Amino acid sequence: AQDNATSSARRAALLNELAESARRRNVKPAGDLVAMLKPWLEATSDEPTRRAAINCLGKWKVESLRGTAVQLASTNETPLPLRQAALEALTELGGPDSVRTLVAHSDAKEPWPVRLTAVASLASLDLKLAAEKAVEIFSSTSPQNDPTALFNALLQHKGGPEALSAALQDKRLPEDAAKFGVRAIDASGRPIPALSEALIKASGLTSGPRELSPEQMQALVDEVKTKGDPHRGEVVYRRKGLDCLKC
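Computed from a predicted model, the values in this text were never measured in an experiment.

1. Here's the deal with the overall build of the protein
Phase 1: When helices and strands are tallied, the protein shows 14 helices and 0 strands.
Phase 2: Secondary structure elements of the protein, listed N to C terminal, follow the sequence α-α-α-α-α-α-α-α-α-α-α-α-α-α.
Phase 3: Evaluated residue by residue, the protein yields a buried proportion of 38% over its 247 residues.
Phase 4: When the accessible area of the protein is evaluated, it comes to approximately 14300 Å², of which 52% is carbon and sulfur surface.

Here it is in structure tokens:
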């Protein structure tokens, strides 16, 4: 990977293979890992290699490069995929310092993708706290901000649905957030009634068909005529997770 004649894509692939070996077999290269990674972490013109080096930093648990990971995660000029990779690397490093950094990056002042990654990563270190921070994020959800990735991350953790249900107690959510959550549960392929009920209760979302008055129906028809997008509708209709074409 250190051969300068190696292409960027090949070098990144090699580094990611080494990172995967560490994850699967707890094997990492011999020698000075800081000296090995630092040039690639600073390779601002080679994003694939830089991202792979961040992956190695975490998988190899190179604690002495924690400061580099924090800096990458915290700098607005860092490309978003690298900021997200740095947050994931901090999760691999673990410990209270990582928890504090991840919580800080869940703040509303951060870009939406950074907030989602921070809380999804936090779930591996402190599931209860991650669920509480997730509810804060869901509370600011709009149709333009899709929190499905965060719902999925929590659902995949053992105890995740229960932690999220508990965090939703006495909280209010926008209907959009609850809809995203219910869809994530449906797509998971397993019923999670307690969480579904918590989402519905927190948002006031109705669980059954809603009867519209003639005036409401006409207003809906008018809105469809003026704002409807048939091309986007077809994309949604053909989405695999909805199974619209299997009937």
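2. Considering the side chain of serine 98
Phase 1: By secondary structure assignment, the location of serine 98 is in helix α6 (residues 95–104).
Phase 2: With a relative accessible area of 0%, serine 98 lands in the buried category.
Phase 3: Within the local environment of serine 98, its side chain forms a polar contact with the side chain of arginine 66, the two groups lying 2.8 Å apart.

3. Notes on the packing of helix α3 (residues 47–59) against helix α5 (residues 80–93)
Phase 1: Look at α3 against α5: their axes get within 7 Å of each other, and the N-to-C directions meet at 15°. Overall, the two elements α3 and α5 adopt an arrangement that is roughly parallel. Crossing angle aside, the handedness with which α3 passes α5 is right-handed. Across the interface between the two elements, Glu47, Arg50, Arg51, Ile54, Leu57, Gly58 and Lys59 of α3 pack against Pro81, Leu82, Ala85, Ala86, Ala89, Glu92 and Leu93 of α5.

4. Quick word on the environment of leucine 33
Phase 1: For leucine 33, the position within the fold is in helix α2 (residues 33–41).
Phase 2: What makes leucine 33 buried here is its relative accessible area of 12%.
Phase 3: Between the alpha carbons of leucine 33 and lysine 61 there is a distance of 9.9 Å; along the sequence they are 28 residues apart.
Phase 4: If we ignore the near neighbours within four places in the chain, the residues touching leucine 33 are Lys28, Trp60 and Val62.

5. Quick word on α2
Residue pairs three or four apart in sequence face the same way in an α-helix, which turns once every 3.6 residues.
Phase 1: Those residues of α2 not exposed but buried are Leu33, Met36, Leu37, Trp40 and Leu41. Along the long axis of α2, the arc covered by the buried residues comes to 120°, so they all point the same way.
Phase 2: For α2, the elements touching its buried residues are α1 (8–25), α3 and α4 (66–74).
Phase 3: Where α2 starts, the residue carrying a side-chain oxygen 3.1 Å from the main-chain nitrogen of valine 34 turns out to be aspartate 32.

6. Quick look at α5
Phase 1: Compared with an ideal rise of 1.5 Å per residue, which puts 14 residues at 20 Å, α5 spans 20 Å between its outermost C-alpha atoms and is within 8% of the ideal.
Phase 2: Looking at α5, one finds that the buried residues are Leu82, Arg83, Ala85, Ala86, Leu87, Ala89, Leu90, Thr91 and Leu93.
Phase 3: On its buried side, α5 packs onto α3, α4, α6 and α7 (112–122).
Phase 4: Count one or two residues on from α5 and you reach glycine 94, which has phi positive near 70°.

7. Some words on the packing of α5 against α7
Phase 1: Relative to each other, α5 and α7 sit at 15°, their axes nearing to 9 Å. Between α5 and α7, the crossing angle belongs to the class labelled roughly parallel. Like other packed secondary-structure pairs, α5 and α7 cross with a definite hand, here right-handed. Only Pro113, Val114, Thr117, Ala118 and Ser121 of α7 make contact with α5, whose side of the interface consists of Leu80, Arg83, Gln84, Leu87, Glu88 and Thr91.

8. Looking at the pattern of salt bridges
Phase 1: If you walk through the whole model with that rule in mind, you get 10 salt bridges.
Phase 2: Measuring nitrogen to oxygen at the nearest pair gives 2.9 Å for the salt bridge that ties arginine 83 to glutamate 110. Residue arginine 83 is located in helix α5, and its partner glutamate 110 is located in the loop between α6 and α7; the two are separated by 27 residues in the primary sequence. A single burial state applies to arginine 83 and to glutamate 110, both of which are buried.

What counts as what
- Residues numbered from 1 in each chain as written.
- Predicted model: local features only at pLDDT ≥ 70, side-chain atom pairs only at ≥ 80, totals over all residues.
- Heavy atoms only, no water.
- Helix = DSSP H or I, 4+ residues; strand = E, 2+ residues; numbered from the N terminus.
- Buried < 20%, exposed > 50% of the residue type's maximum accessible area, 1.4 Å probe, protein only.
- Areas by Shrake-Rupley, 256 points an atom, 1.4 Å probe, with all protein chains shown as cover.
- Polar contact = N/O pair within 3.5 Å; in protein donor to acceptor, adjacent residues only side chain to side chain.
- Axes fitted to C-alpha atoms, helices over the stretch in contact; angles between N-to-C directions.
- Parallel < 35°, antiparallel > 145°, perpendicular 65-115°, else oblique.
- Left-handed = near helix turned anticlockwise from the far one by under 90°.
- Contact = heavy atoms within 4.5 Å.
- Arc of directions from axis to C-beta.
- Expected span 1.5 Å × (residues − 1).
- Salt bridge = Lys/Arg side-chain N within 4 Å of Asp/Glu carboxyl O.

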